[in-house]
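# Descriptive analysis of the structure
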Amino acid sequence: MAVAGRSQHMAKVLDRPLRLAILVDSLDKGGLEQVVYNLVRSLSGSHFIVTLIICSGDFGYLGNKLVSDGHDVVAVGNDKGRLQAILQERKIDVANLHYSTCYYETFCRLRIPIVYTVHNSYTWLTNQEFKARKKAYKNMSAFIAVSSQVKEYFRQRFSIAAESIEVIPNGIDVSDLADAKLPMRQKYGFLESDFIFVNVSSFTPTKFQGGMLSALKELITIKPNARLLLVGNVLDLEYHAFVMERIRDEGLAACLRIIDFVPRQELARLLGMADCFLLPSLQEGWSNAIMEQCILVCH
């Protein structure tokens, strides 16, 4: 990665590891959270001393995993004073903010340069949120976009100079996918004769689970053994309730399974038992789920 390469060069110039603060709103479950989790694990080492700062008051599922593995993780909640004390105690050299602009003023006040990672095309921002973020972005030293499309949208929407944005696609840990071919159909109530479509995404309108229900309703009239497997945690309670109501009202319960968030090893097995992977999202930054599926197909 180009930015990581420059940071390693900076560490050599400093003749010591670079003290890096990675900041995120929460680190529970989801694609962005998995990216940050992988980043903390991969960067912690000889070139970096990493402190993960979580803006919410608790660590979350993935945050707790990092704590268990001995990583430096701090949940600051709404305490700006505590954040400032942590930055000063750790003598942070540079900060990497992921989606969040939480407490960016504190970093600026301490003259800590900020590298901001753009994970998606932020089309959902209200006008007020847009103005607040545009103001915050003026204080960032550099940007990372997870895809060229994300870079272009971000550049145009927020009037950011193209040369200040580096494109670095997300990566995944392929070691978790090793047991994908283990038999799983019987465990989840599927028959060997079922043709299983799988989608892995949190329940939000942009992931378009409702569109998959519409397709399934038509498909089972000509392919009765078609089955839909939806895997993901609930981010939008109202939208999840809408999906569940449609399943009930349209009589689709026998044709699909919904599974909440599962550990990655279990997720790999669910992907491995499916016949077709679905990604009907209305927008994606750089999909972890489709990368995981591509790895399984290649292996």
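The coordinates are above.
As a starting point, this report considers the structure included with it.

### Examining the sheet that holds strand S9 (residues 226-231)
- Pairing is parallel in the open sheet, where four strands are placed in the order S10-S9-S8-S11. Each edge of the sheet is formed by a strand with only one pairing partner; in this case those strands are strand S10 (256-259) and strand S11 (276-277).
- Sheet contacts for helix H8 (residues 209-219): strand S8 (195-200), S9 and S10; angle to S9, the most-contacted strand, approximately 165°.

### What to know about the side chain of Asn199
- Along the chain, Asn199 turns up in strand S8.
- Every residue in contact with Asn199, bar those within four places of it in the chain, is listed here: Gln209, Met212, Leu229, Leu230, Val231, Leu278, Leu279 and Pro280.

### Some thoughts on the sheet that holds strand S6 (residues 142-145)
- Taken in spatial order, the seven strands make up an open sheet running S3-S2-S1-S4-S5-S6-S7, and their pairing is parallel. Every interior strand has two partners, whereas the edge strands, strand S3 (72-75) and strand S7 (165-167), have only one. Averaged over all pairs of adjacent strands, the angle between strand axes in this sheet comes to 25°, irrespective of strand direction.
- Packed on one face of the sheet, helix H4 (residues 80-90) meets strand S1 (18-24), strand S2 (48-54) and S3 and runs near 160° to S3.
- Those strands touched by helix H7 (residues 148-158) are strand S5 (114-118), S6 and S7, and its axis lies near 165° from that of S7.

Quick notes on the rules
Residues numbered from 1 in each chain as written. Predicted model: local features only at pLDDT ≥ 70, side-chain atom pairs only at ≥ 80, totals over all residues. Heavy atoms only, no water. Pairing = 2+ DSSP bridges. Helix = DSSP H or I, 4+ residues; strand = E, 2+ residues; numbered from the N terminus. Contact = heavy atoms within 4.5 Å. Axes fitted to C-alpha atoms, helices over the stretch in contact; angles between N-to-C directions.

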